[in-house]
Every structure is written in structure tokens, then in C-alpha cells.
Amino acid sequence: MIPRLYHRPATPAELLVTGAHVLDPRADLDEPHDILIRHGHVAELGSPGSLSAPGSAGVLDATGKHAFPGFVDPHVHLRTPGQEYEEDLDSGTAAAAAGGFCAVIAMPNTSPVVDDPAILDSLIERAGRQARVPVGFLASITRGLQGEELTEMAELRDAGALGFTDDGKPVVSAGLLRKALQYQRLAGGVVALHEEDPALSGDGVMHEGAVSARFGLAGIPPLSESTMVARDAALARYEDARVHFLHISCAESLDALAQAKQAGARVTGEACPHHLTLTDDVVRSLDSRFKMNPPLRTEHDRRALVQALRSGVIDCIATDHAPHARHEKEVPFEQAPMGTTGLETAFAALFTELVLAGELELGRLVERMTAGAALYGLATPRIAPGEPANICVADLEASFEVGAERYASRSQNCCFHRRTLRGRVLLTLAAGQVAFRARMLTEAGAGAVAR
Ligand SMILES: [Zn+2]
Ligand SMILES: [Zn+2]
């Protein structure tokens, strides 16, 4: 079956974006262009000033701004069904659009768990009414995420699941995972793994190291993740199965992933903006926004992740956007649930902390923020004539304080809260539709992107 995403219908964009510096590494574009969008597709690219808008089209002067292919996030939690007080398809995809994402893939650890075709059906139906950007869905590997009995993977694939994951939990039993990998080969899709050994994580609440020792907090050692990555990479290779490793956080896991890739295993890995830019040092504040799983690790691990992002050992960036309500997070650090939101800050955080700091090239960042599509066999967004308009326009000179304006997400547990970041998303086109435009654009008037 052809992998599919789902979103609510809207009017296809008719828009001329003038003078934007178009940066699409895959199309080998890195210079100012006009982009004419008609009926939701890129109709024409031309040198600045060369294109004019047909009568029905709005015009956006993007001189001095950048245009990238829309970002794709292969790992978000939209909390639907069941925890809509934290997020729902409307608010979660509004956050995605505000962050420049033109597609996201939602995890199945909802309430109920997406472990049954009927639940997936109703979710897809809801996405068709509420999602502002296209959403794809994973189903769970085991029923109820209990780690005991496999779901009907073939049926779930037929119902539209892009792949399978028990994210939030590891698949502890190697025997059960091996069976799941055998079914994956038959059913297709990808098995995505949250790697940790519960016996090693114990009741840890942060990285096991100097900071956890100083505060007397129970720690989660890197070994908890890396031993499982090594085990499951070996299983993937043995079964020739398609496995994706979620939110890799430490250097040892990267070694295991690199070795597996070298040996020809069909494995991929993702890294999150928080692990790429922060370390366990910030946990000294005991702010529960810095509590996530896997935890923030050391500078050594952070640097290894950035290096792996550059070399391709890490294939793509994923936010692991994990909304929690205020009353859940505003409790003592040890009791708070794990997770940070990330859709609205991913690009700016990585642009500010990695690109401006000279650790990563802008083109590489854009490439890795769009590479999530290919993981699941989806078309990678491109700015080229004939392609559907999946475009993010950003102002790389503009700074903003995270959280100073309202979040589009229903939750506010962002680990970059109150930080000043550079690189502001102004406009997001997703599947040919205007999914987000910054307030300043509408104020600047021109009814510009209204269409
Ligand atoms: Zn996870
Ligand atoms: Zn997750």
C-alpha cells in the first residue's frame, strides 16, 4: 500500500513569494528566487522580480527572508484520542505549522492505544476534519503497549499505519521483538523503537552523572539505551527488518548504530533538538521542563550527536513533541512526567545553537529536518516546479523570546521556554495550503497571504 497522510481540506494556495533566498539542498537551490504558487503547487521559479502574480494571487515580499522545503517531523505525540486536555489534532498541527513543519507522524501511545484498526480508522477520520498539516499514524507493536502480545500488524497496515512502535516503552522481550520484525517484513512499514532497559533505568529521573549525584536524584545511565540499541540492531540485521531508532541520546548508542549501518542493517536513527543543544547541566535548576526520556546527557554526548547528524549516522531530526498540562508538570522534579514540547522551537533552537554557533551548516540542518519523510516512504518536500507547495518561509535575522507570545500547542512544557532564539518562521505551506502565517504578516497587510 502507498503510505498516506491525512489532513482537513482547505483552499489551495494562490500566492507569489518574491525575493526569498530559496535553500533546498536536494534541488541544489541556494539563491534568491520568486516562487509562484498556483492551485497549491509550485508553478514557477524565477529570478527576483521576474514573476508577476495573476489577479487572484496574493503577494508576499520575502526579500531578505529564507524559503526552505517544509520540515517533516517523524515523531510527535498529539495526545489524541484520550488526552485532549494536553493536545489534540487541531492544536498539535497548529504547533507544527507554526514551527515550519508541513507533515508530522503521530505516536500511538494514546488512550486508548492505537492497537486496533477501528481506533486507527476513527483517528484518520478525525485528522481529515481537524489536522492543519498532513498527519501520518503509527500503530503499536504490542496490544495496549503491554509488551506481551503482538497487534495485527498486517491489518493495521491495511488500515493506514505507516509503521509500528511502542514508543514511551521499550519492547523488553527480544523474542517478541524478533517476531514483530518477521511480521514487519511481510506487512511492510517500519518498526520504530524507544530503547531503554527498564532494569537499568530503574526509577531514574535524569541522566546518571555528576549532576544527579550532586542532587541525590536517581539516574538513567546511557547503558540503558545503548545496550538495547545494540541488541535490536543485531536483531534487525539478522531478520533483515526495517528498524528506526527513536530519540538517540548518547555516544554509545551512536557507535552501535554506526556499526549496524556499516554491516548493512536496514536501520536509521533520529535525534531531538533538546539532546542536540542542551546537557544535564540545565537540570540543576530542577525545572521540570528539562525532564524528558531519554534524559539530557553530557556535553560529550551532545557533541557526538551533532557529529552524527553531520556524518549521516543520524538520518533526521525529530522533536518527540510531548505535551503535558501545567498541573502535571508543575510538581517537584522527581514526580513530574517526562517530556518537552518542541514543534514550535525546533528550527530556531537548532539554527541558533548549532548553525550560528558554527557547529552545523544551514543546508545540512534543512536536509535533516526534511529527511523524516523518506523514513516512512513519503515524498520528501522539494521546492521545484510541479511539486505540491510544502514550504517554510523564515526570517533568520529575527529573534524572539520563546513563550512570550502564546504557544500554538495546548501545552507549555517547552524546554526552551524564555530563551531568546533566532530564526523565526513566518509562513508555512503544507500540502498546497497556507497552514500558518505569522501575525506580523497579516498586520503588514497586503491581504497578502490571505488567499
Ligand atoms: Zn520515547
Ligand atoms: Zn516519543
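Since the model is a prediction, treat every value here as computed from it, not as a measurement. (Residues numbered from 1 in each chain as written. Chains lettered and ligands numbered in written order. Predicted model: local features only at pLDDT ≥ 70, side-chain atom pairs only at ≥ 80, totals over all residues. Heavy atoms only, no water.)

Undergrad: How should the coordination of the zinc ion (ligand 2) be read in this particular structure?
TA: Angles between donor atoms at a metal ideally measure 109.5 degrees for a four-coordinate tetrahedral arrangement and either 90 or 180 degrees for a six-coordinate octahedral one. The protein atoms that coordinate the zinc ion (ligand 2) are H75 (NE2), H77 (NE2), D167 (OD) and D320 (OD), at distances spanning 2.0 to 2.2 Å. Around the zinc ion (ligand 2), the four donor atoms sit at angles spanning 82 to 169 degrees, and that spread fits a shape best called irregular. Along the chain, the residues that donate to the zinc ion (ligand 2) are spaced as H-x1-H-x89-D-x152-D. Here the zinc ion (ligand 2) and the zinc ion (ligand 1) are spaced 3.6 Å apart, linked through D167, which binds each one. Taken together, the positions of H77 in the loop between β6 (71–76) and α1 (89–98) and D167 in the loop between β9 (163–165) and α4 (174–187) put the pair 90 residues apart, joining distant regions of the chain. (Donors = N, O, S within 2.8 Å, 3.2 Å for Na, K, Ca; no water. Tetrahedral: all angles 85-135°; square planar, octahedral: opposite > 155°, others 65-115°. Helix = DSSP H or I, 4+ residues; strand = E, 2+ residues; numbered from the N terminus.)

Undergrad: How do you make sense of the coordination of the zinc ion (ligand 1) when you look at a structure like this?
TA: At this site the zinc ion (ligand 1) is bound by D167 (OD), H194 (ND1) and H247 (NE2), with donor distances of 2.0 to 2.1 Å. Counting along the primary sequence, the residues that act as donors to the zinc ion (ligand 1) give the motif D-x26-H-x52-H. Of the residues examined, H194 reaches a relative accessible area of 5% and is grouped as buried. We classify H247 as buried; its relative accessible area is 2%. (Buried < 20%, exposed > 50% of the residue type's maximum accessible area, 1.4 Å probe, protein only.)

Undergrad: When you look at the packing of aromatic side chains in this model, what are you seeing that I'm missing?
TA: Given two aromatic rings, their pairing is described by the distance between the two centres and the angle made by the two planes. Tallied over the full model, the rule gives five aromatic pairs. Look at F68 and F347: their rings are 5.4 Å apart centre to centre, the planes differ by 50 degrees, and that puts the pair in the tilted class. Residue F68 is located in strand β5 (residues 66–69), and its partner F347 is located in helix α12 (residues 346–355); the two are separated by 279 residues in the primary sequence. Here the two residues F68 and F347 agree in accessibility, since each one is buried. Taken together, a centroid distance of 5.7 Å and an interplanar angle of 15 degrees make the contact between F347 and F351 stacked. In this pair, F347 and F351 are both assigned in helix α12, four residues apart and thus about one turn of the helix distant. (Phe/Tyr/Trp six-rings, centres within 6.5 Å; stacked < 30°, edge-to-face > 60°.)

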